[in-house]
Amino acid sequence: MAPSPSPQPRSNVLAIPAYIAGKPPVAREGLTSYKLSSNENPYPPLPGVLEAATEAAAQMNRYPDMGSTALYAALGEAMGVPVDDLAAATGSVGLIYQLVNAFCDPGDEVVYAWRSFEAYPIAVTAGGATSVQVPLTADGRHDLDAMAAAVTDRTKVVIVCTPNNPTGPAVTQADLDAFIAKVPSHVVVVVDEAYLEFVRMDDAIDGIATYRRHDNVVLTRTFSKAYGLAGFRVGYAVAPSPIAGALRAVSLPFGVSHVAQAAAIASLAARDELFARVDDLVERRADLVSRLREVGWELPDAQGNFVWFPLGERALEFAAACGEIGISVRPFAGSGVRVSIGEAEAFDRVVEVAARFTP
Ligand SMILES: *Cc1c(COP(=O)(O)O)cnc(C)c1O
């Protein structure tokens, strides 16, 4: 007798690439270990945030506010935007899924740079759309001309990741403006600003001003990086209301938990303290970059809370060497290694390993 057929997922499901998460460090005798593999914030919770989250946890028998009303009010006030232009989600990864679901029919194209954030190909493939990956320049920047040229009749979404994870450079306002001008107005331009708080450069983009000028520009932002709430999963989009409304329509009902909403609101209230911490991380980044330069490394411009070593075939070897001395980093086989700006105490060891791998 022929075996009965088993249920089969949609054909695209088998093609979804696996997410390779940054690993925790392996403990080494006599050494404090450090996790520099996931671009996490090394600081403890901001003042008031743990209290707000704990208080919210007491209501775990209740569903969260599905409309994220208080969070939208706080975000709207902080940025000076109408609440209709906001869409919260389970991290900005959730927003990428929602963008594909809301704007792409099967086979429609999503254009983005590569290498970039590894959740993009996962979300695009899961949504049944097609990835069009445009290679970065040699110094890890978006090739915005090539990305504009890659837009076809099938393109529904283009993503600009700035600063780019994992390579580090950010696009300038002038370059972003020129790019948006070339993209047809019916294509959604997503500006992934997961690391915007860490940017220190001339002509840095003003995302809010940019979204105000265009009907097709979406900003995605997150509480995971600068705000230190990676474990709570909350991000948001700022977009013209028809787009924000579409993103809210396809969102997972009750996706953002009550605890996450409360922690995000309390974090917004502690912004002064937050920005002081971010300044400190930016200083650490500059310090690490200059120490690496002294040992012979000229890295791509680091505008996020991480640095990128374009090690090519030696990426895994470099990561293993860091692992030997109690530091986990994020290797991308055959391409490079990303090291997060975490505890400064770990930098001596990072520099020591880097000196052995000078290009
Ligand atoms: C970390 C990151 C995000 C945010 O992820 P969350 O889902 O909000 O934790 C988004 N985009 C990029 C490029 C990132 O590196």
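Residues numbered from 1 in each chain as written. Predicted model: local features only at pLDDT ≥ 70, side-chain atom pairs only at ≥ 80, totals over all residues. Heavy atoms only, no water.

Caption draft 1: Summary view of the overall build of the protein. Secondary structure summary: the protein contains 13 helices and twelve strands in total. Scaling as 2.2 N^0.38, a compact globule of 359 residues should have a C-alpha radius of gyration of about 21 Å, and the protein matches this with 21 Å. Projected onto its principal axes, the C-alpha positions of the protein cover 65 × 50 × 50 Å. The buried share of the protein, taken over its 359 residues, is 52%. Taking the intrachain contacts of the protein between residues at least 6 apart in sequence as the baseline, contacts between residues at least 24 apart amount to 74%. Averaging the positions of the 28 positive and the 41 negative side-chain charges in the protein gives two centres separated by 4 Å. (Helix = DSSP H or I, 4+ residues; strand = E, 2+ residues; numbered from the N terminus. Rg over C-alpha atoms; globule rule 2.2 N^0.38 Å. Buried < 20%, exposed > 50% of the residue type's maximum accessible area, 1.4 Å probe, protein only. Contact = heavy atoms within 4.5 Å. Lys, Arg positive; Asp, Glu negative; His and termini not counted. Charge placed at Lys NZ, Arg CZ, Asp CG, Glu CD.)

Caption draft 2: A look at the UniProt feature "modified residue: N6-(pyridoxal phosphate)lysine" (unreviewed entry) in the protein. The sites that carry the UniProt feature "modified residue: N6-(pyridoxal phosphate)lysine" (unreviewed entry) are, in the present numbering, Lys-225. Structurally, Lys-225 is set in the loop between strand 7 (217–222) and strand 8 (235–238). Within polar-contact distance, the side chain of Lys-225 engages the side chain of Tyr-195 at 3.1 Å. (UniProt positions renumbered as here; feature names shortened; annotations may be inferred. Polar contact = N/O pair within 3.5 Å; in protein donor to acceptor, adjacent residues only side chain to side chain.)

Caption draft 3: Here's a closer look at the nonpolar core. By size, the foremost hydrophobic cluster in this structure holds 89 residues, and its most contacted members are Phe-179, Phe-223, Val-238, Val-307, Phe-309, Phe-318 and Val-339. Each of domain 1 (22–39 + 272–356) and domain 2 (49–269) contributes no fewer than three residues to this core. Non-local contacts of Phe-318, meaning those with residues more than four positions away in its chain, are made with Phe-309, Leu-311, Val-337, Val-339, Val-353, Ala-354 and Phe-357. Listed in part, the 26 residues of the second largest apolar core include Leu-95, Cys-104, Ala-123 and Val-124. (Core = buried A, V, L, I, M, F, W, Y, C linked by side-chain atoms within 4.5 Å. Domains from an automatic or database assignment.)

Caption draft 4: Region of interest: the site of the ligand. Around the ligand, the surrounding shell holds 13 residues, and the nearest of these are Tyr-195, Thr-222, Ser-224, Lys-225 and Arg-233. Here a nitrogen atom of the ligand and a side-chain polar atom of Asp-192 are 2.7 Å apart. Here an oxygen atom of the ligand sits 2.6 Å away from a polar atom, N or O, in the side chain of Tyr-195. With the chains in place, 95% of the 380 Å² that the ligand exposes on its own is no longer accessible. (Near = heavy atom within 4 Å. Areas by Shrake-Rupley, 256 points an atom, 1.4 Å probe, with all protein chains shown as cover.)

Caption draft 5: Inspection of the sheet that holds strand 11 (residues 330–332) at higher detail. As summarised here, the arrangement of the three strands in space is 9-12-11, forming an open sheet in which the pairing is antiparallel. Two strands close off the open sheet at either side, each with one partner strand: strand 9 (306–309) and strand 11. On average, each strand axis in the sheet is inclined to that of its neighbour by 20°, with strand direction left out of account. Note that strand 11 and strand 12 (residues 336–340) share three bridges and pair antiparallel. Opposite Pro-331, over in strand 12, you have Val-337 as the bridge partner. Each of strand 9, strand 11 and strand 12 touches helix 12 (residues 315–324); the most contacted strand, strand 12, lies at about 35° to it. (Pairing = 2+ DSSP bridges. Axes fitted to C-alpha atoms, helices over the stretch in contact; angles between N-to-C directions.)

Caption draft 6: Focus on the domain arrangement of the protein. Domain annotation of the protein identifies domain 1 (22–39 + 272–356) and domain 2 (49–269). The centre of domain 1, based on its C-alpha atoms, is set 26 Å off from the matching centre of domain 2. Counting from both sides, the interface comprises 21 residues of domain 1 and, opposite them, 21 residues of domain 2. For the domain 1 face of the interface with domain 2, the top three residues by lost area are Leu-274, Gln-303 and Phe-306, together amounting to 31%. At the boundary of domain 1 with domain 2, the tally comes to two salt bridges. Sorting the residues of the side of domain 1 that touches domain 2 by element identifies helix 11 (271–294), strand 9 and strand 11 as the ones contributing at least two each. (Buried area = accessible area lost by both parts, 1.4 Å probe. Salt bridge = Lys/Arg side-chain N within 4 Å of Asp/Glu carboxyl O.)

Caption draft 7: Just the sheet that holds strand 6 (residues 188–192), in detail. Taken in spatial order, the seven strands make up an open sheet running 2-8-7-6-5-3-4, and their pairing is mixed. This sheet does not close on itself; its edge strands, each paired only once, are strand 2 (86–89) and strand 4 (130–135). Shown here is a sheet whose adjacent strand axes are inclined to one another by a mean of 25°, direction ignored. In this structure, strand 3 (residues 109–114) lies alongside strand 5 (residues 155–161), joined through four bridges in parallel fashion. Counted as the bridge partner of Glu-109 is Thr-155 from strand 5. Along the sheet, helix 9 (residues 241–249) contacts strand 2, strand 7 and strand 8; its crossing angle with strand 2, the most-contacted strand, is approximately 25°.

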